[in-house]
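Understanding the architecture of this molecule
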Amino acid sequence: MERESENQDLKDINIVSGKTRWTTLGQEVILFLLTITLSALAACYYQKPKTEVAGIAILAGIGFGSTWFAMEKSREDGIYLYDNEKHAGRFIIIYLFSLGGSILFPMLPASGWPYLSVFVGLMLFSNQMVGVLSGSTLLMISVLIQGGSSTSFFVYFISGFVGIVVFSYVNENFKIWLPLFISLLIQFICLSIQEVLYANEILSLKMFAIPAVNLLVCVILLLILLKFFSFAIIFRERDIYVDINDPECPLLVELKNCSKEEYYHAIHTAYLCDRIAKKINYDDALVKACGYYHRIGMIKGENTWENVEEILQENKFPAEVQRILKEYLDHEEQILSKETVLLLFCDTVISSIRYLFSKEPKIELDYQKIINAIFKKKLESGMIDYSGASFGELQEMKKILVEEKLYYDFLR
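Residues numbered from 1 in each chain as written. Predicted model: local features only at pLDDT ≥ 70, side-chain atom pairs only at ≥ 80, totals over all residues. Heavy atoms only, no water.

With respect to the packing of aromatic side chains
- One pass over the full model with this rule turns up 22 aromatic pairs.
- For the ring pair Trp 113 and Tyr 115, a centre distance of 6.2 Å and an interplane angle of 65 degrees mean the geometry is edge-to-face.
- The buried category is assigned to Trp 113, whose relative accessible area is 0%.
- When its relative accessible area of 0% is taken as the criterion, Tyr 115 is described as buried. (Phe/Tyr/Trp six-rings, centres within 6.5 Å; stacked < 30°, edge-to-face > 60°. Buried < 20%, exposed > 50% of the residue type's maximum accessible area, 1.4 Å probe, protein only.)

Section: the packing of helix 11 (residues 284–293) against helix 13 (residues 319–329)
- Where helix 11 meets helix 13, the axes come as close as 10 Å, and the angle between the chain directions of the two elements is 55 degrees. Overall, the two elements helix 11 and helix 13 adopt an arrangement that is oblique. The crossing of helix 11 and helix 13 is right-handed. When helix 11 is examined against helix 13, the residues Leu 286, Ala 289, Cys 290 and Tyr 293 are found in contact with a partner set consisting of Glu 320, Val 321, Ile 324 and Leu 325. (Axes fitted to C-alpha atoms, helices over the stretch in contact; angles between N-to-C directions. Helix = DSSP H or I, 4+ residues; strand = E, 2+ residues; numbered from the N terminus. Parallel < 35°, antiparallel > 145°, perpendicular 65-115°, else oblique. Left-handed = near helix turned anticlockwise from the far one by under 90°. Contact = heavy atoms within 4.5 Å.)

Some remarks on the confidence of the model for the protein
- Across the protein, pLDDT averages 86, with 89% of residues at or above 70.
- Confidence over residues 1–17 falls short of pLDDT 50; this stretch has zero contacts with residues more than four positions distant or in other chains. (pLDDT = per-residue confidence, 0-100.)

So, empty space enclosed by the protein
- Within the structure shown, the criterion is met by one cavity of 30 Å³ or more.
- In this structure, the largest cavity spans a volume of roughly 90 Å³.
- The biggest single contributor to the lining of the largest cavity is helix 1 (residues 2–45), with four residues. (1 Å grid on protein atoms, 1.4 Å probe; cavity = no way out; pocket = protein on both sides within 12 Å on 5 of 7 lines; lining within 4 Å. Points joined across faces, edges and corners; volume = space filled by probe spheres on them.)

Side note on the side chain of Ser 98
- As for its placement among the helices and strands, Ser 98 is situated in helix 3 (residues 88–104).
- Of the residues examined, Ser 98 reaches a relative accessible area of 7% and is grouped as buried.
- Residues contacting Ser 98, with those up to four places away along its chain left out, are Val 118, Leu 122 and Leu 138.

So, the pattern of salt bridges
- Here the structure, examined in full by the defined rule, presents 14 salt bridges.
- With a closest N to O distance of 3.2 Å, Arg 75 and Glu 28 form a salt bridge. With Arg 75 in helix 2 (residues 50–77) and Glu 28 in helix 1, this pair connects stretches of sequence that are 47 residues apart.
- Across the pair Glu 333 and Lys 326 runs a salt bridge, and its minimum N-O distance is 3.9 Å.
- Given the relative accessible area of 26%, Lys 326 is considered partly exposed.
- Where salt bridges share partners, they join Glu 28, Glu 72 and Arg 75 into one cluster. (Salt bridge = Lys/Arg side-chain N within 4 Å of Asp/Glu carboxyl O.)

Focus: unusual backbone geometry
- Here the phi dihedral of Gln 47 falls at roughly 60 degrees; this positive angle occurs in a residue that is not glycine.
- Along the chain, the position of Gln 47 falls in the loop between helix 1 and helix 2.
- You will see that Asn 281, though not glycine, has its phi angle at about 60 degrees, which is positive.
- With respect to the secondary-structure elements, Asn 281 resides in the loop between helix 10 (260–279) and helix 11.
- For Asn 281, a relative accessible area of 70% corresponds to the exposed category.

Regarding the nonpolar core
- In this structure, Tyr 293, Leu 325, Phe 345, Met 397, Leu 401 and Tyr 408 are the most contacted members of the largest nonpolar core, which totals 61 residues.
- Setting aside its immediate chain neighbours within four residues, Leu 325 contacts Cys 290, Tyr 293, His 294, Trp 305, Val 308, Leu 312, Asp 330 and Leu 343.
- Residues Met 71, Phe 91, Val 143 and Cys 190 belong to the second largest nonpolar core, which totals 56 residues. (Core = buried A, V, L, I, M, F, W, Y, C linked by side-chain atoms within 4.5 Å.)

Regarding the packing of helix 10 against helix 14 (residues 338–359)
- Across the interface, helix 10 lies against helix 14 with an axial gap of 9 Å and an inter-helix angle of 135 degrees. On the basis of the axis angle, helix 10 is oblique to helix 14. For helix 10 against helix 14, the interelement crossing comes out right-handed. For the pair helix 10 and helix 14, contact is made by Glu 261, Tyr 264, His 265, His 268, Thr 269, Leu 272, Cys 273, Ile 276 and Ala 277 and by Leu 342, Leu 343, Cys 346, Asp 347, Ile 350, Ser 351 and Arg 354, respectively.
- Looking at side-chain class alone, the contact of helix 10 with helix 14 contains nine nonpolar, four polar and three charged residues. (Nonpolar A, V, L, I, M, F, W, Y, C, P; charged D, E, K, R; others polar.)

In structure tokens form, the structure reads like this:
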């Protein structure tokens, strides 16, 4: 009966995932058709010849086809930024607004299109590859409809590409002002060069009026986009971490009821992870969560990755927590993240010291010797050779762990 129940659960999961997949596919088909149809209708509205209308529609279809392929590839490889894979609606909303803009921008002078915000917005709610392809497709539609030169395309493509690159580094700390300054500066320089080099006029301040207005519009649109981005992703993630990093979180209480030993082991590990992460500028909220939940599989009887994964997915844990714990607990995975390395050493130190105290509670331990031996063994094993942790960071981890001598007395 139990096996039949498990099989039924698997069937239900497959049905749900199948429905989700078909829903996503349907949305992508609709975007594909809308891109072709609206670009063709816009070309007709701007009184383009029939051959040009057909050409614009075909090129728009090819452009979005490439974007569609990139979206599918990103979903297959799991390389969407943040949790965008699970929230396709965000990208659809931004894309539809941008598509509408692409057929309205030709009414403006070529140097007045706010394409920097289009490229950045499309990237933030998908990933870099999808952002570049979809932004380039919409830019191409605007240039073809207006009948502009290739110069306009490359000016906006370069500034949009720079915007995508610099905003790719926006993380949970949400430091946006430097990327904002760099991207706006590059856009203004590109537009100004276009105005100066291709204008048959004497150089004057009037030439810079439209690029300056464009800059102002881009600032406003980017701030709106970033506000939406922070609300939908950054601060939403922070709220999740506030909840799961509470020692009285229901899952941790359940672990405590299951095994007080495992619960306190998780508490001690999380403390060390948090303390070290803050000193060496790792993601402390992420590492602390991994410290708390790396033993949560015990709730289901055994701390295997399969049990941990099931619990984390049921409780909708952040994808980053799942990724780190998969690296740590799944023996088939290679350790690639700095945060996994930190979890490894903190967990091993706590385990080793608690084991020695369990054998002889009043023993006086040489913590430095124990920690040095742990680091030597792990380094010689080669298990962290491909991680992002530098030699300096490893030395700092070791130093901080050795300095926690007074804390280890709580493990007796």
